Amino acid sequence: MSVVTRFAPSPTGFLHIGGARTALFNYLYARRHGGRYLLRIEDTDKQRSTEEAIAAIQDGLAWLGLEGDAPPVFQSQNAERHAAVAEKLLAEGMAYRCYLSQEDLDAQREACRAEGRPVRIRSPWRDADPADAPADVKPVVRVKMPQTGETTIEDLVQGPVTIGHDQMDDFILLRGDGSPTYMLSVVVDDADMGVTHVVRGDDHLTNAFRQHHLYQACGWSPPAFAHIPLIHGPDGAKLSKRHGALGVDAYREMGYLPEALKNYLLRLGWAHGDDEVISEAQAIEWFDLPQVGRSAARFDFAKLENLNGHYMREADDDRLTDLTVERLGRDLAVDADAVRRLRAGMAGLKARANTLAYLAESARFYVERPRFPLENPKAAKLLQGDGAAIAREAGEALADIDDWSEEALEARLRAMAEDKGLGFGKVAQPLRAAITGSNASPGIFEVMAILGRDEVLARLTETPDHE
RNA sequence: GACCCCUUCGUCUAGUGGCCUAGGACAUCACCCUUUCACGGUGAAGACACGGGUUCGAGUCCCGUAGGGGUCGCCA
């Protein structure tokens, strides 16, 4: 039997980081086994589902390269099919109409809590004569769950998990208005889509028991389940808006590369020996569910950033240049010459950047001149005292140089430092501040060579004193 | 509260009874490299939650305790 997995988000917000990891694991598992990875939008809650959320989720998945192998299934479009299954269960006596009122339900739940019993609804309509049904109440349809014994699920990640049937109640299949609930819809859709492995967050673990029974009631064989631990914030609590519970679009905006985010997410809760940097091809070859850890992992931006730096250094210069131009272009005019400088300096730039955001800012001086007085305090300090004067002096010393190459520039500047009895750093640093507006940049000769004689001389000779 | 799950350095983890004097990575600190910042290199500090068993031998198996998480909707 060929493996079929699916990622089934409900479109009530952005694609969050936990969802992205769930999608990744589903994708990897399917690829690993030569199966199919599908996407289903669980939009049965019409109140909370939005078009924007659907678009955000699809954008996020596209960015990560985790789009499904087929066009997404929209769950709401299968409502009739879901209801038909419920009707069939009703006809077969596997389900029943329940006329309990909201007040009855509340009272039962309250009584359960008060007595320290598990909160379970026991409907008298399970065994009552339908003829006694009140005419003015729209009934819900509940499935008949077994009331004695227990069920064990062999979860691929969690291992065997057993729950007594006294812990489960007859959950709702069809609402009072006849619409199917999530519990019914997932089972029917998964069965119809031929899903063989349900890989999802472990907040669904208890649902698995309900769904497992529903499969059996329908006469279908249940899929294998794999409930992966949730991602927690730095404080160990469930990821919320306060932590990194951001949409993947936010990570994209912060300047992370999709391959870095995927590698990071993969290593969160899963490992292959001591390997840290894992290509997608290796991930597909190595990934397996039983090796996924059972405990929640905390999200660590520092490690993500380090990994991102690694991928940045490996990334193609043209790609990085495009990404940089896109960011800088938001508030700067980047002409063709500037793009050429950016491309020429990219190797030196990317070696020092851990995020695209930092890369773009550190590349700014290739597009526009620094604005004086410098805002960067460390850079400003380099131009205090005789710093600015040294920069201007260097401008003069370089004016008549014939060969504007890194080698010639270096020779001339080193000679100048020696003449003045200064360490080279004393000359190079003010120059760096004057030319780039920063105290940190790629090699200063490389920068000067790329910027060109006229531009460098202009920046140097126009450097104002700093207090 | 009930039920289920989890627990190795600050963080992510390796570890499937002897190869563990518990390994790697990020972060931290020191040194080296060096025109800056990064990269890189070397080194330091840093963990088996606790208590009982089982066993010749336990981070690895069992039980308990503590702590953490998840679920208990006509949401998904």
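K.L.:
Residues and numbers for the nonpolar core, please.
P.N.:
By size, the foremost hydrophobic cluster in this structure holds 92 residues, and its most contacted members are Leu 61, Leu 265, Leu 266, Phe 287, Phe 299, Leu 431 and Met 448. At nine residues, helix H1 (residues 17-32) tops the list of elements feeding residues into this core. Within the second largest apolar cluster, 33 residues are counted, among which are Met 168, Phe 171, Val 188 and Val 195.

K.L.:
Describe the protein's contact with RNA strand B, with residues and values.
P.N.:
Looking at RNA strand B, there are 60 residues lining it, with Arg 120, Arg 175, Gly 269, Arg 352 and Arg 432 nearest. Here, RNA strand B places atoms within 4 Å of the protein, and 68% of those atoms are sugar or phosphate. Gln 158 places a side-chain nitrogen or oxygen 3.2 Å from a sugar or linking oxygen of RNA strand B. Between Glu 276 and RNA strand B, the recorded distance is 2.9 Å, taken from a side-chain N or O atom to a base nitrogen. Broken down by secondary-structure element, the contributors of at least two residues to the surface near RNA strand B are strand E7 (159-164), helix H5 (182-192), helix H6 (205-218), strand E12 (297-298), helix H10 (301-314), helix H17 (424-436) and helix H18 (444-451).

K.L.:
Explain the environment of Asp 136 to me, and be specific about the residues and the numbers.
P.N.:
Mapping Asp 136 onto the fold places it in the loop between helix H4 (102-114) and strand E5 (140-143). According to the relative accessible area criterion, Asp 136 is exposed, its value standing at 70%.

K.L.:
With reference to specific residues and values, describe the layout of surface pockets.
P.N.:
Rolled over the atoms, a probe as big as a water molecule pinpoints where empty space is left. The calculated volume of the largest pocket comes to roughly 1,200 Å³. Where the lining of the largest pocket is concerned, the elements lending two or more residues are strand E1 (4-7), H1, H5 and strand E9 (197-201). Broken down by element, the residue count for the lining of the largest pocket peaks at five residues, all from H1. Here the residues of the lining of the largest pocket are counted per class, giving 16 nonpolar, 13 polar and ten charged. The computed volume of the second largest pocket comes to approximately 530 Å³. In terms of lining residues, the second largest pocket is bounded by 19 residues, among which Glu 361, Arg 364, Thr 436, Gly 437 and Ser 438 are the most central. Take the lining of the second largest pocket: its biggest share by element is three residues, from helix H13 (residues 356-363).

K.L.:
Provide a residue-level description of the pairing of E7, including the pertinent values.
P.N.:
As judged from the six bridges shared by strand E6 (residues 150-155) and E7, these two strands associate in the antiparallel manner. Note on E7: the bridge partner recorded for Thr 151 is Ile 163. Here E6 folds back onto E7 in antiparallel fashion, the turn holding three residues.

K.L.:
How would you sum up the pattern of salt bridges? Please name residues and give values.
P.N.:
For the structure on display, the rule yields 33 salt bridges. With a closest N to O distance of 2.9 Å, Glu 368 and Arg 371 form a salt bridge. For Lys 420, the salt bridge identified is with Glu 393, shortest N-O distance 3.1 Å. On the criterion of sequence distance, the pair formed by Lys 420 in the loop between helix H16 (406-419) and H17 and Glu 393 in helix H15 (residues 387-399) is long-range, its members being 27 residues apart. Judged by its relative accessible area of 36%, Lys 420 falls in the partly exposed class. For Glu 393, a relative accessible area of 32% corresponds to the partly exposed category.

K.L.:
So what's going on with the pairing of strand E10 (residues 224-228)? Residues and values would help.
P.N.:
Taken across its five residues, E10 has four buried, putting it largely inside the fold. Here E9 pairs with E10 via five bridges, running parallel. When the bridges of E10 are listed, Val 198 appears paired with Phe 225. Crossover connection from E9 via H6 to parallel E10: handedness right-handed.

K.L.:
Lay out the sheet that holds strand E8 (residues 172-174) in plain terms, naming residues and giving numbers.
P.N.:
The three strands are arranged E4-E5-E8 in an open sheet whose pairing can be described as antiparallel. Taken across any chain shown, the strands that pair with only one partner, and hence form the sheet edges, are strand E4 (95-98) and E8. Averaged over all neighbouring strand pairs, the angle between strand axes comes to 45°, with direction disregarded. In terms of strand pairing, E4 meets E5 through four bridges, oriented antiparallel. Each bridged residue has a counterpart across the sheet, and for Ala 95 the counterpart in E5 is Val 143.

K.L.:
Account for the packing of aromatic side chains, with residues named and values stated.
P.N.:
Applying the stated criterion to the full structure yields twelve aromatic pairs. For the ring pair Tyr 215 and Trp 220, a centre distance of 6.5 Å and an interplane angle of 75° mean the geometry is edge-to-face. Overall, the relative accessible area of 25% leaves Trp 220 in the partly exposed class. Through a chain of ring-to-ring contacts, the aromatic side chains of Tyr 251, Tyr 256, Tyr 264, Phe 299 and Phe 301 assemble into a single cluster. Sitting above the plane of the Phe 424 ring, Arg 414 keeps its charged end 4.3 Å from the centroid.

K.L.:
I'd like a rundown of the side chain of Arg 21, residues and numbers included.
P.N.:
By the element assignment, Arg 21 lies in helix H1. Notably, Arg 21 is buried but unbridged: the nearest opposite-charge side chain belongs to Asp 202, and the N-O separation is 7.8 Å. Of the polar contacts made by the side chain of Arg 21, one reaches the backbone oxygen of Pro 229; its length is 2.4 Å. Among residues more than four places away in sequence, those in contact with Arg 21 are Pro 229, Leu 230, Ile 231, Leu 265, Leu 268 and Gly 269.

What counts as what
- Residue numbering note: each chain is counted from 1, following its sequence as written.
- Chain letters start at A and ligand numbers start at 1, both assigned in the order the entries are written.
- Owing to the predicted nature of the model, reporting of local features is limited to residues with pLDDT of at least 70; listing and counting of side-chain atom pairs is limited to 80 or more, with chain, interface and lining totals taken over all residues.
- Only hydrogens and water are removed before side-chain values are computed, so all heavy atoms of the structure are retained for them.
- Put simply, a nonpolar core is a bunch of buried Ala, Val, Leu, Ile, Met, Phe, Trp, Tyr and Cys residues held in one set by side-chain atoms that sit within 4.5 Å of each other.
- Accessible area is worked out with a 1.4 Å probe on protein chains only. A residue is then buried under 20% of its type maximum, exposed over 50%, and partly exposed in between.
- Here a strand is any run of E in DSSP of at least two residues, a helix any run of H or I of at least four, and the numbering for each starts at the N terminus.
- To be near a molecule or strand, a residue needs just one of its heavy atoms within 4 Å of it.
- Counting of polar contacts relies on pairs of N or O atoms within 3.5 Å, with two restrictions inside protein: one atom must be capable of donating a hydrogen and the other of accepting it, and residues adjacent in sequence are counted only when both atoms are side-chain atoms.
- A pocket here means an open set of points on a 1 Å grid, computed over the protein atoms alone, that has protein on both sides within 12 Å along at least five of seven lines. A cavity is instead a set of points where a 1.4 Å probe fits but cannot get out; residues with an atom within 4 Å of a point line either one.
- Grid points are joined across faces, edges and corners, and a volume is the space filled by probe spheres set on the points.
- For this classification, the nonpolar set comprises Ala, Val, Leu, Ile, Met, Phe, Trp, Tyr, Cys and Pro, the charged set comprises Asp, Glu, Lys and Arg, and every other residue, Gly included, is treated as polar.
- At least two DSSP bridges between two strands are needed for those strands to be called paired.
- Definition used for salt bridges: Asp or Glu carboxyl oxygen within 4 Å of a side-chain nitrogen of Lys or Arg.
- Crossovers are marked right-handed if the path from the first strand over the helix to the second runs clockwise, as seen with the strands pointing away from the viewer.
- In this description, a line fitted to the C-alpha atoms serves as the axis of each element, helices being fitted only across the stretch in contact, and the angle between N-to-C directions of two axes falls anywhere from 0 to 180 degrees.
- Classification of ring pairs rests on two measures: the distance between centres of Phe, Tyr or Trp rings, Trp counted by its six-membered ring, which must be within 6.5 Å, and the angle between planes, read as stacked under 30 degrees, edge-to-face over 60 and tilted in between.
- Charge-over-ring placement is defined geometrically: NZ (Lys) or CZ (Arg) within 6 Å of the ring centre, and within 35 degrees of the ring normal.
- Charge convention: Lys and Arg are scored as positive, Asp and Glu as negative, and His as well as the terminal groups of each chain are ignored.
- Here a residue-residue contact requires only that any non-hydrogen atoms of the pair lie within 4.5 Å.

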